[in-house]
Amino acid sequence: MQVYWSIELRRLVGGVMVAVIFGFITGYWWAAFLVTALGYVAWLLYKLRQLQLWLVHDFKPDELPDSDGVWEQVVTLINRSRQKSIKRKQKQEEILQRLNNIISALPDAVILFDDDHVIQWSNSTALALMGINGKTDVGQRIDNLLRAPEIAQALTGMDTEEEIQFISPRNAQATLQARILPVERGLWLLNVRDISQRIQLQHTRKAFIANASHELRTPLTVVSGYLELMQEDPEVPAHLVMAIQQSREQTLRMQQIISDMLTLSKLETMERAQIPLRVVDVPEMLKNTSQALTDTLAAQSHTLETHIDAELMIMGVEGELTSAITNLIDNAIKHTPAGTHVIVRWERLNQDYAALTVTDNGPGIPNEHIVHLTERFYRVDTGRSRERGGTGLGLSIVKHVIQNHQGYLSIKSRPGETTFQASFPLIKETKEAEILVNT
Ligand code: ADP
């Protein structure tokens with residue numbers, strides 16, 4: 001740095017000496033100094049102009065100012081920082097390109113869009129899955145290109161938790177699943193994947209379970225029938241009586257499991273839009289269920305208290321609701337010790353929902369089991385459940401029925417109080433007796 005300034009100082013001293021010589025020769029000291037100073041300023045301005053032109057013309061190499069002293073250092077420093085920023089930019093572009101390649105290679109489609117649903121960027125999978133072209137469709141609204149009503153609905157709600165399923169606009173056989181994710185202020189990401197294979201696998205699994213259950217039902221009915229005959233036959237040898245009785249109990253249990261599996265598979269596979277909803281008289285249903293359970297209650301010294309809003313009805317599928325309600329009340333009796341008090345309420349929960357609440361004062365369900373209770377074959381105590389004739393499918397059936405009725409299930413338990421609450425939406429104004437479910 002000192003070197004550059006010493007050149008500059010030498011230049012200044014040279015100028016002063018020239019002024020002194022002129023002043024000495026001519027005697028016009030002030031004029032000599034003024035002319036020298038003006039010359040120096042003019043030279044500075046000229047250098048500044050050169051630098052300015054070089055910067056304005058985007059560092060054109062043939063306009064690189066040739067200077068020495070401080071100007072040389074200024075030019076060198078500018079040049080160096082320019083080289084650095086070029087390298088940085090190249091690196092950033094490389095990273096961006098690599099990122100682009102990675103995102104493009106993802107099996108998921110990725111579409112970036114703004115608050116107005118206008119596409120900013122999309123990868124090549126978006127073209128394959130939905131026909132959205134990352135080059136030509138930028139600037140278009142997503143909902144203009146993806147006409148699925150599910151997408152339009154999701155873009156209105158912008159719920160980042162919601163998983164949207166829709167049929168691919170490119171292939172009617174392909175089911176796609178999408179999720180909206182926030183990227184930054186004003187920028188969103190639509191992540192779409194093809195789940196056709198998963199759906200196909202689920203269908204195959206469900207069909208297999210349904211077929212297997214169906215196939216097993218007939219031979220079991222035959223075996224059970226013969227066992228019943230043998231049980232009633234007074235000539236059966238005494239040493240076989242016990243074996244026949246136990247075999248019959250087990251076949252009845254298997255029949256119950258198969259029946260529950262068939263119910264479940266029907267609940268899962270039935271096309272909901274095809275099922276007509278009717279007004280269901282839940283109060284009447286509860287009255288009948290309570291009556292049917294009188295013997296069971298008495299046998300276990302249980303007591304049942306009911307609080308039923310006799311006017312409260314909902315729209316639904318009667319058979320499904322009977323199954324769910326019976327399961328919940330039956331569980332409160334089946335899984336609690338003798339003498340338990342069970343309270344059943346059917347009431348308006350709020351403006352939009354009616355709720356069936358079944359509370360018992362049994363020992364309760366440990367917290368860690370609660371989230372698993374609606375899983376198939378999940379029991380807190382497998383041996384005890386089997387002993388009580390449980391299949392482990394009851395709450396799965398309850399969950400599906402409630403879901404199919406657009407309701408929700410809540411389970412709360414602590415020692416001395418277990419509550420299962422099934423809430424169903426109230427349909428306030430129904431002009432027709434039949435309403436089709438739109439899912
Ligand atoms: P199960 O056929 O065994 O009744 P469910 O799916 O209906 O199967 O219930 C799952 C498990 O949840 C039961 O095995 C039982 O352990 C537990 N459970 C359900 N209801 C109650 C209740 N009211 N009190 C205590 N445990 C319960």
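Scroll up for the structure.
Here is a short report on the structure shown in this document. Each chain has its residues counted from 1, following the order in which its sequence is written. Owing to the predicted nature of the model, reporting of local features is limited to residues with pLDDT of at least 70; listing and counting of side-chain atom pairs is limited to 80 or more, with chain, interface and lining totals taken over all residues. Only hydrogens and water are removed before side-chain values are computed, so all heavy atoms of the structure are retained for them.

**Quick word on the site of the ligand**
Consideration 1: Neighbouring the ligand are 18 residues, the closest being His 335, Ser 385, Thr 391, Gly 392 and Leu 395.
Consideration 2: Here an oxygen atom of the ligand sits 2.7 Å away from a polar atom, N or O, in the side chain of His 335.
Consideration 3: Contacts to the ligand include Gly 392, whose backbone N or O atom sits 2.7 Å from an oxygen atom.
Consideration 4: A 1.4 Å probe and the Shrake-Rupley method give the accessible areas. Residues count as covered only by the protein chains that appear here. Summarising the interface, the protein chains cover 96% of the accessible area of the ligand, which totals 530 Å² for the free molecule.
Consideration 5: A 1.4 Å probe that fits but cannot get out identifies a cavity on a 1 Å grid over protein atoms alone, an open set with protein on both sides within 12 Å along at least five of seven lines counts as a pocket, and a residue lines either if it has an atom within 4 Å of a point. More than half of a molecule's atoms lying within 2 Å of a cavity's or pocket's grid points is what places that molecule inside it. When each cavity is represented as a set of grid points, the ligand is found to reside in the second largest pocket.
Consideration 6: Listing elements by their share of the shell around the ligand, those giving two or more residues are α11 (318-334) and α14 (394-404).
Consideration 7: Examining the composition of the shell around the ligand, we find that three residues originate from one element, α11, more than from any other.
Consideration 8: Residues were grouped as follows: Ala, Val, Leu, Ile, Met, Phe, Trp, Tyr, Cys and Pro as nonpolar; Asp, Glu, Lys and Arg as charged; and all remaining residues, including Gly, as polar. Of the residues belonging to the shell around the ligand, the class tally is eight nonpolar, seven polar and three charged. For this purpose, a residue is taken to be near a molecule or strand whenever a single non-hydrogen atom of the residue falls within 4 Å of it. Counting of polar contacts relies on pairs of N or O atoms within 3.5 Å, with two restrictions inside protein: one atom must be capable of donating a hydrogen and the other of accepting it, and residues adjacent in sequence are counted only when both atoms are side-chain atoms. Helical segments are the DSSP runs of H or I of at least four residues, strand segments are the runs of E of at least two, and each set is numbered from the N terminus.

**A word on the layout of surface pockets**
Consideration 1: What the second largest pocket holds in volume is close to 720 Å³.
Consideration 2: If you trace the second largest pocket, you find 34 residues lining it, with Asn 331, Lys 334, His 335, Ser 385 and Leu 395 closest to the centre.
Consideration 3: Residue assignment for the lining of the second largest pocket shows that the elements contributing at least two residues are α8 (238-269), α11, β10 (353-360), α13 (382-387), α14 and β12 (417-425).
Consideration 4: It is α11 that contributes the most residues to the lining of the second largest pocket, seven residues altogether.
Consideration 5: When the residues that make up the lining of the second largest pocket are grouped by side-chain class, the tally is 12 nonpolar, 15 polar and seven charged. Grid points are joined across faces, edges and corners, and a volume is the space filled by probe spheres set on the points.

**A word on the pattern of salt bridges**
Consideration 1: We count a salt bridge whenever a side-chain nitrogen from Lys or Arg sits within 4 Å of a carboxyl oxygen from Asp or Glu. In total, this model carries eight salt bridges according to the counting rule given.
Consideration 2: Here Arg 141 ties to Asp 143 by a salt bridge, and the two come within 2.8 Å at their closest N and O atoms.
Consideration 3: The cut-offs for exposure are 20% and 50% of the maximum accessible area for each residue type, with area from a 1.4 Å probe on protein chains only; residues under the lower value are buried, those over the upper are exposed, and the others partly exposed. The class for Arg 141 is partly exposed, based on a relative accessible area of 32%.

**Thoughts on a nonpolar patch on the surface**
Consideration 1: A surface patch of nonpolar side chains, amounting to about 710 Å² of accessible area, comprises Val 16, Val 20, Ile 21, Phe 24, Ile 25, Trp 29 and Phe 33.
Consideration 2: Within the residue set of the nonpolar patch, elements represented by two or more residues are α1 (2-26) and α2 (29-56).
Consideration 3: Ranked by the residues each element gives to the nonpolar patch, the list is headed by α1, at five residues.
Consideration 4: Inspection of the secondary structure puts Phe 24 in helix α1. Patch building starts from residues that exceed 30% relative accessible area and form no salt bridge, then joins like charges within 9 Å and nonpolar side chains (Val, Leu, Ile, Met, Phe, Trp, Tyr) within 5 Å.

**Details of the sheet that holds strand β3 (residues 164-167)**
Consideration 1: Overall, antiparallel pairing links the five strands, which are arranged β2-β1-β5-β4-β3 in an open sheet. Both outer strands of the open sheet, β2 (119-122) and β3, are each paired with one neighbouring strand and no more. Neighbouring strand axes in the sheet, compared pairwise and without regard to direction, differ in orientation by 30° on average.
Consideration 2: Of the pairings in the sheet, the one linking strand β1 (residues 109-114) to β2 comprises three bridges and is antiparallel in character. Paired with Leu 112 across the two strands is Trp 121, which belongs to β2. Note on pairing: DSSP must find at least two bridges between two strands before they are called paired. Each axis is a line fitted through C-alpha atoms, taken for helices only over the stretch in contact, and angles between the N-to-C directions span 0 to 180 degrees.

**Structural notes on the packing of α11 against α14**
Consideration 1: One can describe the packing of α11 onto α14 by two numbers: an axis separation of 9 Å at closest approach and a directional angle of 140°. Classed by the angle they form, the pair α11 and α14 counts as oblique. Seen along the crossing, α11 lies across α14 with a hand that is left-handed. In this structure, α11 uses Glu 320, Leu 321, Ser 323, Ala 324, Asn 327, Leu 328 and Asn 331 to contact α14, whose residues at the interface are Gly 394, Leu 395, Ile 397, Val 398, Val 401 and Asn 404.
Consideration 2: Looking at the contact of α11 with α14 residue by residue, the classes come out as seven nonpolar, five polar and one charged. Throughout, the term roughly parallel applies to angles under 35 degrees, roughly antiparallel to angles over 145, roughly perpendicular to angles from 65 to 115, and oblique to all others. Helix crossings are classified by the rotation of the near helix relative to the far one: an anticlockwise turn of less than a right angle makes the crossing left-handed, while a clockwise turn makes it right-handed. Residues are treated as being in contact if the distance between any of their heavy atoms lies within 4.5 Å.

**Here we look at the nonpolar core**
Consideration 1: The set of buried Ala, Val, Leu, Ile, Met, Phe, Trp, Tyr and Cys residues whose side-chain atoms join them within 4.5 Å is what this entry labels a nonpolar core. Leu 286, Ile 314, Leu 328, Ile 329, Trp 346, Leu 356 and Val 358 are the most contacted members of the largest nonpolar core, which has 37 residues in total.
Consideration 2: Counting only elements with at least two residues in this core, the list comes to α8, α9 (282-292), α11, β9 (341-348), β10, α14 and β12.
Consideration 3: If one sorts the elements of this core by residue count, α11 sits on top with seven residues.
Consideration 4: Counting residues in each nonpolar core, the second largest holds 23 residues, with Phe 113, Ala 126, Ile 142 and Ile 180 among its members.

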